[in-house]
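Next come the chains, spelled out residue by residue.
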Amino acid sequence: MSDQIKFIVDNLNKEPFRKNYNLITFDSLEPMQLLQVLNDVLAEIDPKQVVDIREEMPEQTAKRMLSLLGILKYKPPGNATDMSTFRQGLVIGSKPVIYPVLHWLLQRTNELKKRAYLARFLIKLEVPSEFLQDETVADTNKQYEELMEAFKTLHKECEQLKTSGFSTAEIRRDISAMEEEKDQLIKRVERLKKRVETVQNHQRMLKIARQLRVEKEREEFLAQQKQEQKNQLFHAVQRLQRVQNQLKSMRHAAADAKPESLMKRLEEEIKFNSYMVTEKFPKELESKKKELHFLQKVVSEPAMGQSDLLELESKINEINAQINQLIEKKMMRNEPIEGKLSLYRQQASIISRKKEAKAEELQEAKEKLANLEREVSVKTNQTREFDGTEVLKGDEFKRYVSKLRSKSTVFKKKHQIIAEFKAEFGLLQRTEELLKQRHENIQHQLQTIEEKKGISGYSYTQEELERVSALKTEVDEMKGRTLDDMSEMVKKLNSLVSEKKSALAPVIKELRQLRQKCQELTQECDEKKSQYDSCAAGLESNRSKLEQEVRGLREECLQEESRYHYTNCMIKNLEVQLRRATDEMKAYVSSDQQEKRKAIREQYTKNIAEQENLGKKLREKQKAVRESHGPNMKQAKMWRDFEQLMECKKQCFLKQQSQTPMGQAYTLQLVTNEHESKACFYKWF
């Protein structure tokens, strides 16, 4: 149970509820408040449930919640008897009933939202069959069912699209393109292998090429390291500039911080704060108190009818008329001293209004300034996290712009040189192609001559050896140059670091003093903060106590108000009953016969007499029926026997008629006998 309550409290403290409960406050909630929490959770699932349960009858609340829980398919634990206890617990706000419901709802909120949304459109309205006989009603019901089916299909399609992700066609297209590229690369590698296999000493040449590639990669790695070291040096220089600028700004602030300016600034702040505390805030507090008192007075008064409103309007009109008369009398007097005082009062009120307006503008400006400072600090922190540098300001930004302009001019020149190099590269490439063709022709002629002499491949191997040796010398030279450059760079960096250290030595001394001051100030700040925290904790505890007292008084006020309305309703019912009783007594005591007839007692006595007469008649009728019941049943039995006898005679006659031709006379005799017997039977009855 404790885990269940903890889960409920954690979810209620999150979005979108944000209740700020803990285990103690949640467990101490009253039944009405607990029902309101359950209603808030149901309202989050279905927005139609947004209701203040204090304005709703308990039976209606329970019915509404039970219907929604039925739609959400909540199954209470137990059998039918437990269902009745579940309903009663839901009405009275019992904790053992509501806690499992809250736990179940908060576990699957998203799923239940979807179910509640679908229930609005998929719960079918049952139309009676009598109404479906009407054509318009039947057509409307058919359209309703078709729209419901269309909604089902559209919702399924929407869910499929949400869960589908990327399209399979695009993935297949990408896979096929990658496979084609793979096949092309495999073919190209095989083609190059075949070409290389025909060349003499290809294994040795491949080994040399591999070594060349490794050296090139090493060269790139060294160049990257060099660039990183340059970037680190640049960042170190920038950091040094920032520290120097901060030092300048701090010195400037310390130079401008004269006692007179500081005192003047503090006096202005004290004046502003004293005005806000002594004049503005008390006025606002007084106006709020008056408004609260007026609202409490309105709430405490009973409900007013139309007659009460008319009386109040008449009183207001009378008071307005009296005020107008007093104003006219004052104007008739026309005292000059009062006129001058009224002018001064108007001027003073105008000045006070202006002062209040300026104070509000100043307060808003301070709030805006604080917001802007917070935004600037956030933006600077973001830029510092993004690239590790701070935002440039003032002269630094101007220097940065001038540096960018010089770099842009250099870039344009370099770009023009690159264009010229590209044009020259095109020409050289064409000449290279021509020379390659000529070289191939000469090489072919040389191979034919070597074959004739019996020394084929001699020139090729000699050229390859020369080329490899040249490459080796170039690589060795590059290694030497890179090592020399790195050593020179390290020397320069060491010299720069030593210079910067010597330049920063006095700055570091000043920073040490400032750090000591900063430590003293931080200690003082911590002491003040601890004092503030203790004071704030005491005030917070007092505030929480007062809030609890106010909450208790409000609840008592609501209970008393509901009790007051209930007693008023009972008094009105008793007054109506008393009025009816007095009217009945007047009508019963009066000598007028018409008034007596209107009395309820006379009407009831009349109805009783009529019902007694009707009962007597029905009893006499019942007695007659009982007396005649035996003979009547006997006559009915004799009649049934007679009918069976006649039916038997008829059957016998039909058989004889089919056997003899003499049956006609016999039939006449039988018919006459039958009629005679019937006549005798009727006479007997």
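A brief structural summary. Remember, predicted model here, so these are calculated numbers, not experimental data. (Residues numbered from 1 in each chain as written. Predicted model: local features only at pLDDT ≥ 70, side-chain atom pairs only at ≥ 80, totals over all residues. Heavy atoms only, no water.)

So, about a nonpolar patch on the surface. A cluster of nonpolar side chains, namely V127, F131 and L132, defines an oily patch on the protein surface of about 240 Å² accessible area. By secondary structure assignment, the location of F131 is in helix α8 (residues 129-132). Residue classification places F131 among the exposed positions, given a relative accessible area of 53%. (Patch = residues over 30% accessible without salt bridge, like charges linked within 9 Å, V, L, I, M, F, W, Y side chains within 5 Å. Areas by Shrake-Rupley, 256 points an atom, 1.4 Å probe, with all protein chains shown as cover. Salt bridge = Lys/Arg side-chain N within 4 Å of Asp/Glu carboxyl O. Helix = DSSP H or I, 4+ residues; strand = E, 2+ residues; numbered from the N terminus. Buried < 20%, exposed > 50% of the residue type's maximum accessible area, 1.4 Å probe, protein only.)

Another point: the packing of helix α1 (residues 2-13) against helix α6 (residues 95-107). α6 packs onto α1 with a crossing angle of 55 degrees between their chain directions and a minimal axis gap of 10 Å. Considering the angle they form, α1 stands oblique to α6. As α1 packs across α6, the resulting crossing turns out to be left-handed. Here α1 contributes Q4, I5, F7, I8, N11 and L12 to the contact with α6, which in turn contributes Y99, P100, L102, H103, L106 and Q107. Here the contact of α1 with α6 is composed, by residue class, of eight nonpolar, four polar and no charged. (Axes fitted to C-alpha atoms, helices over the stretch in contact; angles between N-to-C directions. Parallel < 35°, antiparallel > 145°, perpendicular 65-115°, else oblique. Left-handed = near helix turned anticlockwise from the far one by under 90°. Contact = heavy atoms within 4.5 Å. Nonpolar A, V, L, I, M, F, W, Y, C, P; charged D, E, K, R; others polar.)

Right, let's talk about the side chain of T61 for a bit. With respect to the helices and strands, the residue T61 is situated in helix α4 (residues 58-71). Its relative accessible area of 6% is what places T61 among the buried residues. The contacts of T61, once residues within four sequence positions are left out, are I53 and E56.

Across all of its chains, the model carries nine salt bridges by this definition. With its nearest N and O atoms 3.1 Å apart, the salt bridge here joins K113 to E44. Of this pair, K113 sits in helix α7 (residues 109-122) while E44 sits in helix α3 (residues 31-45); the two residues are 69 residues apart in sequence, bridging distant segments of the chain. With a relative accessible area of 30%, K113 lands in the partly exposed category. Using a relative accessible area of 27% as the deciding quantity, one classes E44 as partly exposed. Salt bridges linked by common partners bring E540, R543 and E547 together as one network.

Between its first and last C-alpha atoms α7 spans 20 Å; for 14 residues at 1.5 Å apiece the expected length is 20 Å, and the two agree. Buried within α7 are the following residues: T109, L112, A116, L118 and A119. (Expected span 1.5 Å × (residues − 1).)

This part is about the nonpolar core. Nonpolar side chains tend toward joint burial in soluble globular proteins. One finds L12, F26, L38, L72, L102 and L105 to be the most contacted residues of the largest nonpolar core, which totals 32 residues. Elements that contribute at least two residues to this core include exactly α1, α3, α4, α5 (80-92), α6 and α7. Examining the composition of this core, we find that eight residues originate from one element, α6, more than from any other. Those residues in contact with L72 that lie beyond four places of it in its chain are I45, W104, L105, L112, R115 and A116. (Core = buried A, V, L, I, M, F, W, Y, C linked by side-chain atoms within 4.5 Å.)

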